[in-house]
Amino acid sequence: MATSNSSNSLSSTFYLTGIPGYEEFHHWISVPFCLLYCIGIMGNCTILHIVRTDPRLHQPMYYFLAMLSLTDMGMSMPTMISLFRVLWSISREIQFDVCVIQMFLIHTFSFTESSVLLAMALDRYVAICHPLRYATILTPRLIVKIGVAALFRSAFPLIPLLVRLTYFPFCRSHILSHSYCLHQDIIRLACADISFNVIYGLIVITVLWGLDSMGIFVSYVFILHSVLRIASREGRLKALNTCASHICAVLILYIPMIGLSIVHRFSKHSSPLINVFMGHIYLLIPPVLNPIIYSVKTKQIRQGVLRLLLPSKH
C-alpha cells in the first residue's frame, strides 16, 4: 500500500498559482519580476566576480559575503522557471518529483543563508573583539569547513520530511498557493496524517533558525560590549559601521521568513494575495537588496563595482 501511495504521489501533477485575481495582467506583472531577478543575478554575480578577482578581498569577511551571494541565488533561482511559466501562460503544471526537488533547494538554501549570516556575525565578533588574532582564527581552511557544515546542516534535516512526503496520497485539490513549491504549502493537500511533518518541521525551523538567531544576538552583545570600551566616538562609529550591512542582511532575511511562516500557519482564511505577496518578498528581496546594501556600505566592494563600470577612471 505504501508503495502504491508513493507511486501515486510521484506521478501527481500539481498546479501553481500566479497572482490570484490578476490573471489577465500576468504578462505585465512579469516585467517587474524579470527586472528583480535580473538585478539579483547581476548584483550577486558582480559580488562574486569582485571577490574572486581582487586579491585584496581574499579575506574572511569577503569570503563569507561570497557565500551569502551564492545562497541568495540558490534560494531564488529554483523558483524563476516555474514563476515565468505561470506568468507567461506557458504552463501551470508541475510534477510531484520536480516539486520535491524545488522545495528541497528553496528550504536548504534558506536555512544555509541563515547559517551564513551567523558565520558573518562571528566574523564581525572576531574582527572587533580579537583583531590581532583575526587572521589566525578565521583561516581559509576553517572558512571552507564552515561553508560545507552550513550546507549539510541545512540539507540533512529536510530529508525525513521529503521522504515521508512521497508516501502521502493527494486526493484533494492539487492547486498550490504559490508559483513554486513549499513544504508547508503542499502538505495541506495530503489526504493522510501529517502530524509528523507539521511537528518535525516546526522543530527543524525552531532549532535551526533559533540557534542561528541566538548566535547572532549573542555575537552582537559581545560586539556592543567591546565597542563601548573604545575611547573615541569616531572609533565606536567606525566599528559599528562595519556591522551595519550585516544587520540589514539579517533583517532582510528574518522578517519575511517569519512573516511567511506566520501567514502559512495562522492565516488560513486570509486573502490569497497575502500568501503570494509574502512568498515573493521572502525569496526575492534578499537577493536583490543584499548586493546593493554591501555595495553602498562596504568601501572595497563599492570601489570594485566602480572599477567594473568605469575601468579607465578607477
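As the structure is a prediction and not an experimental result, all values here were calculated from the model.

How each quantity is defined
- Residues numbered from 1 in each chain as written.
- Predicted model: local features only at pLDDT ≥ 70, side-chain atom pairs only at ≥ 80, totals over all residues.
- Heavy atoms only, no water.
- Core = buried A, V, L, I, M, F, W, Y, C linked by side-chain atoms within 4.5 Å.
- Buried < 20%, exposed > 50% of the residue type's maximum accessible area, 1.4 Å probe, protein only.
- Helix = DSSP H or I, 4+ residues; strand = E, 2+ residues; numbered from the N terminus.
- Contact = heavy atoms within 4.5 Å.
- Salt bridge = Lys/Arg side-chain N within 4 Å of Asp/Glu carboxyl O.
- Phe/Tyr/Trp six-rings, centres within 6.5 Å; stacked < 30°, edge-to-face > 60°.
- UniProt positions renumbered as here; feature names shortened; annotations may be inferred.
- Axes fitted to C-alpha atoms, helices over the stretch in contact; angles between N-to-C directions.
- Parallel < 35°, antiparallel > 145°, perpendicular 65-115°, else oblique.
- Left-handed = near helix turned anticlockwise from the far one by under 90°.
- Nonpolar A, V, L, I, M, F, W, Y, C, P; charged D, E, K, R; others polar.

Draft legend 1. Structural context of the nonpolar core. Counting residues in hydrophobic clusters, the biggest one holds 51 residues, and the most contacted among them are L68, L117, I216 and I301. Breaking this core down by element, the ones donating at least two residues are α2 (26-53), α3 (60-87), α4 (96-129), α9 (195-227), α10 (233-266), α11 (272-297) and α12 (299-309). For this core, the element with the most residues is α4, which contributes 10 residues. L117 has contacts with L68, I216, H246, A249, V250, L253 and Y254, leaving out every residue within four places of it along the chain. One finds F96, M103, L165 and F170 within the second-largest nonpolar core, a separate group that totals 18 residues.

Draft legend 2. Here's a closer look at the pattern of salt bridges. In total, this model carries 5 salt bridges according to the counting rule given. For the salt bridge of D54 with R56, the shortest nitrogen-to-oxygen distance reads 3.2 Å. Under the relative-accessibility criterion, R56 is labelled exposed at 53%. Taking relative accessible area as the criterion, D54 reaches 9% and is therefore assigned buried. Among the ionic contacts, a cluster of salt bridges with common partners joins D54, R56 and R307.

Draft legend 3. Broad picture of the packing of aromatic side chains. Scanning the entire structure with this criterion turns up 9 aromatic pairs. Look at F152 and F156: their rings are 5.3 Å apart centre to centre, the planes differ by 40 degrees, and that puts the pair in the tilted class. Here a set of aromatic residues connected by ring pairs shows up, and it is made of F14, F96 and F170.

Draft legend 4. Here's a closer look at the UniProt feature "transmembrane region" (unreviewed entry) in the protein. In this structure's numbering, the residues bearing the UniProt feature "transmembrane region" (unreviewed entry) are residues 28-51, 63-88, 100-122, 142-163, 198-223, 244-267 and 273-293. Taken end to end, residues 142-163 has its terminal C-alpha atoms 32 Å apart, with 86% of it in helix and 0% in strand. The span residues 273-293 shows a helical share of 100% and a strand share of 0%, and its end C-alpha atoms are spaced 28 Å apart.

Draft legend 5. Summary view of the packing of α2 against α11. Viewed as axis vectors pointing N to C, α2 and α11 meet at an angle of 45 degrees, and their least axial separation amounts to 9 Å. What the angle tells us is that α2 and α11 run oblique. Pair α2 / α11 crosses with left-handed handedness. Listed contacts from α11 to F33, L36, Y37, I39, G40, G43, N44 and I47 of α2 are H280, L284, P287, V288, P291 and S295. Tallied by class, the residues present in the contact of α2 with α11 amount to 9 nonpolar, 5 polar and no charged.

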